[in-house]
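Residue-level structural notes
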Amino acid sequence: MNNIKVERLLVNYKTLEMFKRFKEYGNQELSMLEDLESNIIENDSESPFFGIYYGNALVARMSLYKVSAKYDQYFNPPQDYLELWKLEVLPDYQGRGYGSALVKFAKEFQLPIKTNPRINSQTFWEKMGFQKAKYNMERDLGENPLIWTPKGVAEQSVS
Ligand code: COA
């Protein structure tokens, strides 16, 4: 488990080809491909994705984006936080610690984290120390966000 290496993924044709193996392939990946094809972004630009390789194959990934404190509606005191999405481990590689290695990597930034879990992944997120944010209809609408806070950070109270 100790030799799992998490790395930032660069936008290039090889990475985008490997993304096709993930279930949650969608608009974000397609727009990265278009930007690359039309030279809006350079080959090997940094992406918001981090991943784990097994040999030459990308087997796990997540996206991380830092949201500015001025948009924070989750944490007290309001502060920069990380939005985590598209956490996914390819089926043959699940249950080997890759998912938890990615979450541990995200926590090491020592910023609060918010994510919208997929159905059925509740137990995994609980094991990672995430808890349900108190539901706020105006903010959450159809989402059921989960949050994790480093020491000294609380959840905002819902008015
Ligand atoms: N349900 C219950 N527990 C789970 C779980 C799940 N779906 N996935 C992982 N866990 C538990 C593991 O048993 C492990 O517990 P332990 O530390 O007590 O041994 C812990 O969470 C960490 O597991 P890990 O090996 O790091 O998980 P992973 O690499 O398989 O990553 C997911 C977890 C959910 C990100 C990954 O399995 C995935 O992408 N799944 C695809 C789709 C999905 O969300 N499925 C949900 C179940 S249908």
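A short tour of the structure in this document, coming up. (Residues numbered from 1 in each chain as written. Predicted model: local features only at pLDDT ≥ 70, side-chain atom pairs only at ≥ 80, totals over all residues. Heavy atoms only, no water.)

1. A closer look at helix α3 (residues 98-107)
Burial runs high along α3: seven of the 10 residues are buried. Among the residues of α3, Tyr98, Gly99, Ala101, Leu102, Val103, Ala106 and Lys107 are the ones counted as buried. Those residues of α3 that are buried are in contact with β2 (45-54), β3 (57-67), β5 (81-89), β6 (113-115), α4 (122-127) and β8 (146-148). (Buried < 20%, exposed > 50% of the residue type's maximum accessible area, 1.4 Å probe, protein only. Helix = DSSP H or I, 4+ residues; strand = E, 2+ residues; numbered from the N terminus. Contact = heavy atoms within 4.5 Å.)

2. Side note on the environment of arginine 139
Turning to its location among the elements, arginine 139 is positioned in helix α5 (residues 137-140). Between the alpha carbons of arginine 139 and tyrosine 74 there is a distance of 9.3 Å; along the sequence they are 65 residues apart. With residues up to four places along the chain from it excluded, the contact list for arginine 139 reads Gln73, Tyr74, Ala133 and Lys134.

3. Description of the sheet that holds strand β7 (residues 131-132)
The seven strands lie next to each other as β1-β2-β3-β5-β6-β8-β7, forming an open sheet whose pairing is mixed. In this open sheet, the two strands that pair with only one neighbour each are β1 (7-11) and β7. Packing of helix α2 (residues 27-37) onto the sheet brings it into contact with β1, β2, β3 and β5, and relative to β2 it is tilted by some 120 degrees. In the packing of α3 onto the sheet, contacts are made with β2, β3, β5, β6 and β8, and the angle to β3 comes to roughly 25 degrees. (Pairing = 2+ DSSP bridges. Axes fitted to C-alpha atoms, helices over the stretch in contact; angles between N-to-C directions.)

4. Quick word on a nonpolar patch on the surface
A grouping of Tyr135, Met137 and Leu141 is seen on the molecular surface, where their side chains present a nonpolar patch of about 370 Å² in accessible area. On the secondary structure map, leucine 141 appears in the loop between α5 and β8. (Patch = residues over 30% accessible without salt bridge, like charges linked within 9 Å, V, L, I, M, F, W, Y side chains within 5 Å. Areas by Shrake-Rupley, 256 points an atom, 1.4 Å probe, with all protein chains shown as cover. Salt bridge = Lys/Arg side-chain N within 4 Å of Asp/Glu carboxyl O.)

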